[in-house]
Amino acid sequence: MDLAFSCRKLFELEMEVLLQVQEQFLVIFQNPWLLVICLSGVTLGIIWGAMPGLSTTMAMTLLIGLTVGMSQSAAIMFMLGVYTGCVFGGAISAVLINIPGTPDAVPTMIEGYALARRGEGGLALGTAISASFLGNWVGILLLIAMIPAVLFLALQFRSWEMFLLSLWGIAICGSMSSLEMPIKGWISGWIGLLISFVGLDAIHGVSRFTLGSFYLSDGIGFIPVLIGLFGISEILRVLPQKSPPKIPSKVGRVLPSLQTFKKYIRASFRSGIIGTIIGAIPGAGANVASFFAYDIGRRRASEEEKKKWGKGSYEAIVCAEVANNANVGGSMLPTLALGIPGNAAAAAILAALQLKNVVVGPLIQVENPGLIYFIYIGLIIANFFMYGMAIALIKPCVRLFSLPKTLLMPLILPICILGAFSVNLNFFDVYVMLIAGLIGYVLHQFGFPLAPLVLAVILGPLVDENLRRALLVFENVGMINVLWDRKLGTILLLIVIYTFYDGIFRRGKSKELIHD
């Protein structure tokens, strides 16, 4: 009876999704300004992602400041546009000049630049554009199909379960972002937790680690930390490097034939599912998704195609680009349903929502009815704009690469300062940003990933408050009763223990996939 009731309830939720999506679709198209804002975000995202060294996360965090004066709807459309455009943008420089604009474009760089040297750079880019378009659709459709079930499950989460879920997100982020030495990822996460504990205690109002400073009483904002880690540290890393190589003068044909793309349809859907699933894992990110799909694609390719892998394979480009774009929809799943960002870029969208006093999580449909469906439609519209603008912006983007890094990176510094200052309009956040940048640079030099630190700064309050609240609730309850009565929490506890066990006893099974 319970199973039949649950299935009926889930079916009702799915029907509600379709009706709400239709309603929000009409709302957006009745306001053309939202479409203009989304198109602007997509354009900025593609240009930003195409410039070497400027990651998706860096774009998202620095452009949050532009949303301060926008309405809630406009801010969401703008950030979704930037996210969608930037994920593809990294492929442009990866193919044309062998420098990935974003970390997730590395597999595309390996194959695309080899094709560009044979005079097929335009076709390689066109394949990447089409694969990105398809990947976004896979991620969006799976997001629409899965989020009602996840929302239904999310309502079962209480303080104990939220603590364990947040802790698991930080732990698995540390494991996946530093596969050879997970301990480095965990250390980075613990540093982020310590940063998040600064300020007034949310339960008893006691000052912690404030050193008597008035500015620290409200805690350390994660937006200046994000900008410092991914903006200032990037400037410090890139400036000492040499200028990029010369740009090919001709791009060639851009759009591939439909027959060519049909050839790789199976690889496309497989990679799309991989990208969406990995995107739903907190902290994994598009770079992990693209590498996983790239590796699995190589194992499943035909013998003839395997010979091309690493020397210029269109199927390899399809696998990588579909996965890292499907990751966009996947990363929004835990962000919206549980309030836990799927990756650092999704954390920036979470930050933009918080600036508009929107609290995401299990009660999002109660407190902000229709918001999830608005985001569905925003992703769909951004995907169409991305496809059109990607084709239109390829040649202008090529000209941007003539800027030397010694000129480009100093231009980014004022944007970083403006982004940190605009949140609270005080220079203390600018100092926090600069210190975070130095810390990020040092950690990167010693091989510590930055993603766990960012995720921990964001999830730290959830970990702290929910653990202490759960301890108060269970004060007079035995541990055995807690484990027996809170079965969902027990399952999560076992998952957390296994994550640490797997990280401690795994040695040399995988290469490190991402660095930050």
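Reference entry: report on the structure contained in this document. (Residues numbered from 1 in each chain as written. Predicted model: local features only at pLDDT ≥ 70, side-chain atom pairs only at ≥ 80, totals over all residues. Heavy atoms only, no water.)

### Topic: the environment of Ile 187
Mapped onto the secondary structure, Ile 187 falls in helix 8 (residues 182-196). The exposure class assigned to Ile 187 is partly exposed, which follows from its relative accessible area of 34%. When the C-alpha atoms of Ile 187 and Pro 449 are compared, they prove to be 9.3 Å apart, with 262 residues separating the residues in sequence. (Helix = DSSP H or I, 4+ residues; strand = E, 2+ residues; numbered from the N terminus. Buried < 20%, exposed > 50% of the residue type's maximum accessible area, 1.4 Å probe, protein only.)

### Quick word on helix 14 (residues 314-337)
Relative to the 34 Å expected for 24 residues at 1.5 Å per residue, helix 14 spans 35 Å between its end C-alpha atoms, a close match to the ideal helical length. At Val 328, helix 14 shows its strongest bend, of approximately 30°. Among the 24 residues of helix 14, 24 are classified as buried, and the element is accordingly described as predominantly covered. Downstream of helix 14 by a residue or two, Gly 339 has a phi angle that is positive, lying close to 80°. (Expected span 1.5 Å × (residues − 1). Bend = angle between axes of the 7 residues up to and from the residue.)

### With respect to the side chain of Thr 43
With respect to the helices and strands, the residue Thr 43 is situated in helix 2 (residues 32-50). In contact with Thr 43, not counting residues within four places along its chain, are Met 389 and Leu 393. (Contact = heavy atoms within 4.5 Å.)

### What to know about the packing of helix 8 against helix 20 (residues 451-473)
Here helix 8 crosses helix 20 at 45°, and the two axes come no closer than 7 Å. As the angle between them shows, helix 8 and helix 20 are arranged oblique. When you trace helix 8 past helix 20, the crossing you get is right-handed. Contact with helix 8, carried on its side by Gly 185, Ser 188, Gly 189, Ile 191, Gly 192, Leu 193, Ile 195 and Ser 196, involves Pro 452, Leu 453, Ala 456, Val 457, Gly 460, Pro 461 and Val 463 of helix 20 and no other residues of that element. (Axes fitted to C-alpha atoms, helices over the stretch in contact; angles between N-to-C directions. Parallel < 35°, antiparallel > 145°, perpendicular 65-115°, else oblique. Left-handed = near helix turned anticlockwise from the far one by under 90°.)

### Digging into the packing of helix 9 (residues 222-238) against helix 19 (residues 428-445)
Here helix 9 crosses helix 19 at 55°, and the two axes come no closer than 7 Å. When the interaxial angle is binned, helix 9 and helix 19 end up oblique. In this structure, the crossing between helix 9 and helix 19 has a hand that is right-handed. Residues Pro 224, Val 225, Ile 227, Gly 228, Leu 229, Ile 232, Ser 233, Leu 236 and Arg 237 of helix 9 lie in contact with helix 19, whose contacting residues are Asp 429, Val 432, Met 433, Leu 434, Ala 436, Gly 437, Leu 438, Gly 440, Tyr 441, His 444 and Gln 445. When the residues that make up the contact of helix 9 with helix 19 are grouped by side-chain class, the tally is 12 nonpolar, 6 polar and 2 charged. (Nonpolar A, V, L, I, M, F, W, Y, C, P; charged D, E, K, R; others polar.)

These results come straight from atomic positions and should not be treated as a statement about function.
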